[in-house]
There are 2 protein chains.
Amino acid sequence: MSTRRQLLQQGSATLLPTLLPALLPALVGCKTAPPTPQFAPRGSGDLGLVILRASGEVAVIDSSQRRVLGIIKGLGDLSHAAAVYARDGARAFVFGRDGGLTRVNLLTQRIEARVMQAGNSIGGAISQDGRLVVAQNYQPGGIKVFDAETLALRADIPALGANGQRSRVVGLADLPGQRFIYSLFDADAICIADLSDPDRPQVQRFDGIGRQPYDALVSPNGRHYIAGLFGEDGLALIDLWAERPEVRRILGGYGRGEQPLPVYKMPHLRGWALAGGTAWLPAIGRHEVLVADAQSWQEVARIPVAGQPVFVMARPDGRQVWVNFALPDYHKVQVIDVPSRRVIHSFEPGRAVLHLEFTPRGEAVWISCRDDNKVQVVDTASFKTLASLDLPAPSGIFMSARAARLGL
Amino acid sequence: MSTRRQLLQQGSATLLPTLLPALLPALVGCKTAPPTPQFAPRGSGDLGLVILRASGEVAVIDSSQRRVLGIIKGLGDLSHAAAVYARDGARAFVFGRDGGLTRVNLLTQRIEARVMQAGNSIGGAISQDGRLVVAQNYQPGGIKVFDAETLALRADIPALGANGQRSRVVGLADLPGQRFIYSLFDADAICIADLSDPDRPQVQRFDGIGRQPYDALVSPNGRHYIAGLFGEDGLALIDLWAERPEVRRILGGYGRGEQPLPVYKMPHLRGWALAGGTAWLPAIGRHEVLVADAQSWQEVARIPVAGQPVFVMARPDGRQVWVNFALPDYHKVQVIDVPSRRVIHSFEPGRAVLHLEFTPRGEAVWISCRDDNKVQVVDTASFKTLASLDLPAPSGIFMSARAARLGL
């Protein structure tokens, strides 16, 4: 915070980080910028980004050759960072913890644009047509809407509680049309902002949805929005296809009558999996994966796992669900077979597994092992390690095929 | 047909500008190939191909700018052509009717490799890892497997009937692992070829699946394979997740007791849509779209439409299903709202609508109108025409986001 305040006091928090790289050569008397490299035309469909959380960098990776193509530096505090892709799959918007919003180009391996847009940010989303990028902010609580091309601010929508105080925003996702849905952690609410005209955002609000929504997801088809509740057992569901969408509680009391367990790490719901007509999700604080019927939303099974699940992710074909865990079990990964609902493989790819990302068609999975400074690439059929890449403190992995997906 | 023939005979005002650049060097006696153009790095996520069926060319399109970037010539007979994408989304394999298999690069707008692999071919598929490309052939009936990099033949698998005669192959699709599934039109069979070792293909065969499978699809999650039957009412389904997969008949007798109608054009099953827990498919010869429950595979509804449906395609979010028709109704397109199962929009984008393709996130649809020599780009929310592109005799449209999809 103090760093940001200092920046603000110095004038233009937004411009300074952008200008810094340009000014630095002058400041250090350094010669000229390196020449722009020549690139043979290559597609972006098999590229991806790995967030390097300790160094404020992102690595550009090639999922066909399974190697690191380069490192892009200067993205600020990436201790909790996320990325979404432009329509071309070559440019990504990286949302940093410090409120930095940076557009990088994976082909040129350069920063194209960067603004400081908030004091504390938790991710973002991109509109269906790719023209608007939205950040979800903790501080100041709300969402901000930017032009994807220029990063100019188009709209600033505060998130307010009944008491008039700002709320942290979580669980932001794009919806078909120029709409975005998000949850208010401190105000027990869900909002849908229609940005068809960004100068006149229309916000529809659902109050009293349950205590402390902490993350959420949109089903792959854009129909259901599900927010996890930290303040109580259960989740809040909205059927967005209903004529009058309303909030419904599902999986209420999944831990009822039992002692709440200490929670070592907030599960990430973006990883929730819809596979084989069922939804797979982490039980907060419990060593279990919950399975719900994706039509009735009734619980149909619980699967004991090796720790508190963090990400519960379906392989793209939905045949397997992969799970990583909160500490002290975060060196483990387990694989569940969907039809039999059995753990079919357990292994330890490295220390501090923070994230997994499947290749677009699911033949491999990339796993960040922060404390081993490695990304492991694992075959999802044989479970063999296909490659092991040295990268400092890797966390989130974002493949460019996300450019074609809704609800991220 | 006569209109198209006239156009061709007239020399086609629309064709001429396209052909001129190619003809000019010949006209001025220029012999050398044009210099390789310089390309600024650009992503391939928003590129696509349009098959120009009369001229043996493909157009490279940009779905963000909604324009034609260039034309690639020399692909032979594309009167029934299909394309699949390499992992990078920039290179596509085009399967021509004459057995030509051509790899084109959308970024350089060049042919990279081309082989004549059969006498009569009907499409192809690419392995999950992108290393093998497979063609499905009518003549000689069977599949052929090629190295994606070199187009060298890796395996040649004849499709044989009980009588020892070769059968035409239809409905080829990739499955997870290095597997491919396909149907034998003349042998009433379905085969799964495992190409983990292309030197020793393992083929599993299902006989007696029903008369004359004419096309098929794999559900987006790779679990179900459904073949349409031309020789009888109903379809053949395999649950590929079952321990012992077997063929089951579904929607048997959907036209029972009624006079078979003349069929003006074979429906294309690749367009079958899974949306909102239901499968939407064309009824052969009937002016109806059939709706089946995607778990029980029982018929749940029939929707009257404006003609014999050819493609029945879900918008990527599954909220709408778009339908085009066989002649004489092939100037019409209808849009069905999935939850209410009602036709909500009917329009006439042009003459001889042969194909539709959604942009990756579904905000727009591209529609080939062969006899108007136009591709219309239509907003899927407002139904407004966003762009109208002049292209000679356009047919299949293939967006590069297909690179990330299974079962194509």
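All values reported here derive from a predicted model rather than from experimental measurement. (Residues numbered from 1 in each chain as written. Chains lettered and ligands numbered in written order. Predicted model: local features only at pLDDT ≥ 70, side-chain atom pairs only at ≥ 80, totals over all residues. Heavy atoms only, no water.)

So, the overall build of chain A
Filter applied, for reference: By definition, any uninterrupted DSSP run of H or I lasting at least four residues is a helix, any uninterrupted run of E lasting at least two residues is a strand, and each is numbered from the N terminus. Buried, partly exposed and exposed residues are distinguished by accessible area as a fraction of the type maximum, computed with a 1.4 Å probe on protein chains only: under 20%, between the cut-offs, and over 50%, respectively. In what follows, a contact means two residues having at least one pair of non-hydrogen atoms within 4.5 Å. For the area figures, the Shrake-Rupley method with a 1.4 Å probe applies, and any residue is considered shielded solely by the protein chains shown.
Within chain A one finds two helices and 32 strands. Expressed as a percentage of its 408 residues, the buried residues of chain A come to 56%. Restricting the contact set of chain A to residue pairs at least 6 apart, pairs at least 24 apart contribute 42%. Just so you have it, chain A exposes about 16,000 Å², and 50% of that area is on carbon and sulfur atoms.

Here's the deal with the interface of chain A and chain B
A common way to state how big an interface is: give the accessible area lost once the parts meet. What counts here: Throughout, the accessible surface (probe 1.4 Å) given up by two parts as they are put together, summed over both, is called the buried area. Whenever Lys or Arg places a side-chain nitrogen within 4 Å of a carboxyl oxygen from Asp or Glu, that contact is recorded as a salt bridge. Throughout, the ten residues Ala, Val, Leu, Ile, Met, Phe, Trp, Tyr, Cys and Pro are labelled nonpolar, Asp, Glu, Lys and Arg are labelled charged, and all others, Gly among them, are labelled polar.
Contact with chain A, which involves 45 residues of that partner, is made by 45 residues of chain B. The contact between chain A and chain B buries some 3,600 Å² in all, and 49% of this surface belongs to carbon and sulfur atoms. Broken down residue by residue, the surface that chain A buries against chain B is led by Arg87(A), Trp241(A) and Arg361(A), which jointly contribute 27%. The interface formed by chain A and chain B holds four salt bridges in total. Where Arg87(A) meets Glu363(B), a salt bridge forms, and the shortest distance between an N and an O atom there is 3.1 Å. The residue inventory of the side of chain A that touches chain B, partitioned by class, reads 15 nonpolar, 16 polar and 14 charged.

With respect to the relation of the copies chain A and chain B
Relating the two copies of this chain is a rotation about some axis coupled with a shift parallel to it. To keep things clear, this is the line we draw: When the copies are superposed, the least-squares fit draws on C-alpha atoms of residues that have pLDDT of at least 70 in both.
For the pair chain A and chain B, the best superposition has an RMSD of 0.0 Å and corresponds to a rotation of 180° with a translation of 0.0 Å parallel to the axis. One copy is carried onto the other by what is essentially a two-fold rotation axis. A high fraction, 100%, of the interface residues of chain A reappear at the interface in chain B, so the copies pair face to face through one surface.

Comments concerning the confidence of the model for chain A
Condition: A score from 0 to 100, pLDDT tells how confident the predictor is in each residue.
Here chain A averages 88 in pLDDT, while 87% of its residues score no lower than 70. Low confidence marks residues 1–38 of chain A, where pLDDT is under 50. Its contacts with residues over four positions away, or in another chain, come to 21 contacts.

A word on the side chain of Ser395(A)
Looking at where Ser395(A) falls in the secondary structure, it is placed in strand 32 (residues 394–399). When sequence neighbours within four positions are dropped, the list of residues in contact with Ser395(A) reads Val50(A), Ile51(A), Arg53(A), Leu354(A), His355(A) and Ser368(A).

Examining the environment of Ile72(B)
Residues and elements named next belong to chain B. Its place among the elements puts isoleucine 72 in strand 3 (residues 67–72). Classification of isoleucine 72 as buried rests on a relative accessible area of 2%. Each C-alpha atom of the pair isoleucine 72 and leucine 52 lies 9.8 Å from the other, and the pair is 20 residues apart in sequence. Apart from residues no more than four positions distant in its own chain, isoleucine 72 is found in contact with Gly56, Glu57, Val58, Val60, Val104, Asn105, Gln109, Arg110 and Ile111.

What about the pattern of salt bridges?
Residues and elements named next belong to chain B. Within this structure, the stated rule accounts for 50 salt bridges over all chains. The shortest N-O distance in the salt bridge between aspartate 199 and arginine 154 comes to 3.7 Å. You can see aspartate 199 sitting in the loop between strand 14 (189–194) and strand 15 (202–206) and its partner arginine 154 sitting in strand 11 (residues 153–158), a full 45 residues away along the chain. The shortest N-O distance in the salt bridge between aspartate 372 and arginine 351 comes to 2.8 Å. Remark: arginine 351 occurs in the loop between strand 27 (342–347) and strand 28 (353–358) and aspartate 372 occurs in the loop between strand 29 (364–369) and strand 30 (374–379); sequence separation between them is 21 residues.

A few points about the pairing of strand 14 (residues 189–194) of chain A
Residues and elements named next belong to chain A. Condition: Only when DSSP finds a minimum of two bridges between them are two strands counted as paired.
Of all the six residues making up strand 14, five are buried; the element is thus mostly covered by neighbouring parts of the structure. By the bridge criterion, six bridges tie strand 13 (residues 179–184) to strand 14 in an arrangement that is antiparallel. Within strand 14, the position partnered with arginine 179 by the bridge is aspartate 194. A loop of four residues connects strand 13 with strand 14, the two strands running antiparallel in sequence, and aspartate 188 in this loop sits at a positive phi of about 50°. In the sheet, strand 14 pairs with strand 15 (residues 202–206) via five bridges, with the strands oriented antiparallel. What sits directly across from isoleucine 192, in strand 15, is glutamine 204.

Remarks on the sheet that holds strand 3 (residues 67–72) of chain A
Strand pairing in a sheet relies on backbone hydrogen bonds, with the paired strands running either antiparallel or parallel. Residue and element names in this part refer to chain A. For the record, the criterion: As a rule, the C-alpha atoms of each element are fitted with a line to give its axis, helices using only the stretch in contact, and angles between N-to-C directions run from 0 to 180 degrees.
Overall, antiparallel pairing links the four strands, which are arranged 3-2-1-32 in an open sheet. Edge positions in the sheet fall to strand 3 and strand 32, since each has one partner strand and no second. On average, adjacent strands in this sheet sit at an angle of 25° to one another, irrespective of strand direction. Here strand 1 (residues 47–52) pairs with strand 2 (residues 57–62) via six bridges, running antiparallel. Opposite glycine 48, over in strand 2, you have isoleucine 61 as the bridge partner.

Some remarks on the sheet that holds strand 22 (residues 288–293) of chain B
All names here are of chain B. Across the sheet, which stays open at both edges, the four strands sit in the order 20-21-22-23 with antiparallel pairing between neighbours. Two strands lie at the open edges of the sheet, namely strand 20 (273–275) and strand 23 (299–304), each paired on one side alone. Adjacent strand axes in the sheet meet at a mean angle of 25°, parallel and antiparallel pairs treated alike. Here strand 21 (residues 278–282) runs beside strand 22; their pairing, made up of five bridges, is antiparallel. Looking across to strand 22, one finds that alanine 279 is bridged to alanine 292.

Considering the side chain of Arg91(B)
Its place among the elements puts Arg91(B) in strand 5 (residues 91–95). Once residues lying within four places of it in the same chain are set aside, the contact partners of Arg91(B) are Val84(B), Tyr85(B), Ala86(B), Arg103(B), Val104(B), Asn105(B), Glu112(B) and Glu149(B).

Some words on the pairing of strand 29 (residues 364–369) of chain A
All names here are of chain A. With six of six residues buried, strand 29 lies mostly within the body of the structure. Going residue by residue along strand 29, you find Ala364, Trp366 and Ser368 tucked away on one face and Val365, Ile367 and Cys369 tucked away on the opposite face as well. Hairpin remark: strand 28 (residues 353–358) followed by strand 29, antiparallel, with five residues in the connecting loop; positive phi at glycine 362, about 80°. Inspection of the sheet shows strand 29 paired to strand 30 (residues 374–379) by six bridges, in the antiparallel sense. Across the sheet, valine 365 pairs through a bridge with valine 378, a residue of strand 30.

Some thoughts on unusual backbone geometry
Residue Pro328(A) is bonded to the preceding Leu327(A) through a cis peptide linkage, with omega at 10°. Each neighbour pair has its own omega, and for Gln139(B) with Pro140(B) the value is -5°, a cis peptide bond. A positive phi angle, close to 50°, is found at Asn373(A), a residue other than glycine. Mapping Asn373(A) onto the fold places it in the loop between strand 29 and strand 30. If you check the backbone angles, Leu251(B) has positive phi at about 50° while not being a glycine. Turning to its location among the elements, Leu251(B) is positioned in the loop between strand 19 (247–250) and strand 20.

Examining the packing of aromatic side chains
All names here are of chain A. Note the following rule: Here a pair means two rings of Phe, Tyr or Trp (six-membered ring of Trp) with centres within 6.5 Å. Their orientation is stacked below 30 degrees between planes, edge-to-face above 60, and tilted elsewhere. To sit over a ring, a charge needs its Lys NZ or Arg CZ within 6 Å of the ring centre and within 35 degrees of the ring normal.
All chains considered together, the criterion is met by eight aromatic pairs over all chains. Here the aromatic rings of tryptophan 322 and phenylalanine 347 are separated by 6.0 Å at their centres, their planes lie at 85°, and the arrangement is edge-to-face. Taken together, the positions of tryptophan 322 in strand 25 (residues 320–325) and phenylalanine 347 in strand 27 (residues 342–347) put the pair 25 residues apart, joining distant regions of the chain. Relative accessible area serves as the criterion here: at 0%, tryptophan 322 is assigned to the buried category. Considering the side-chain rings of tryptophan 322 and phenylalanine 383, the 5.9 Å spacing of their centres and the 55° angle between planes classify their relative orientation as tilted. Placement of tryptophan 322 in strand 25 and of phenylalanine 383 in the loop between strand 30 and strand 31 (385–390) is noted, with a sequence separation of 61 residues between them. The burial state of tryptophan 322 is the same as that of phenylalanine 383; both residues are buried. Looking at arginine 168, its charged tip hangs above the ring of tyrosine 138, at a distance of 5.8 Å from the centre.

A few points about the environment of Asp199(A)
Here Asp199(A) falls in the exposed class, since its relative accessible area comes to 54%. With 43 residues separating them along the chain, Asp199(A) and Asp156(A) place their C-alpha atoms 9.8 Å apart.

Quick notes on the environment of Glu299(B)
All names here are of chain B. Here is the rule: Here a polar contact means two N or O atoms within 3.5 Å. Within protein one must be a hydrogen donor candidate and the other an acceptor candidate, and residues neighboring in sequence count only if both atoms are side-chain atoms.
Relative to the helices and strands, glutamate 299 resides in strand 23. Residues glutamate 299 and glycine 130 lie 169 residues apart in sequence; the distance between their C-alpha atoms is 36 Å. Not counting the four nearest positions on each side in its chain, glutamate 299 is found in contact with Leu251, Tyr254, Val291 and Ala292. Side-chain polar atoms of glutamate 299 contact the side chain of arginine 302, separated by 2.7 Å.

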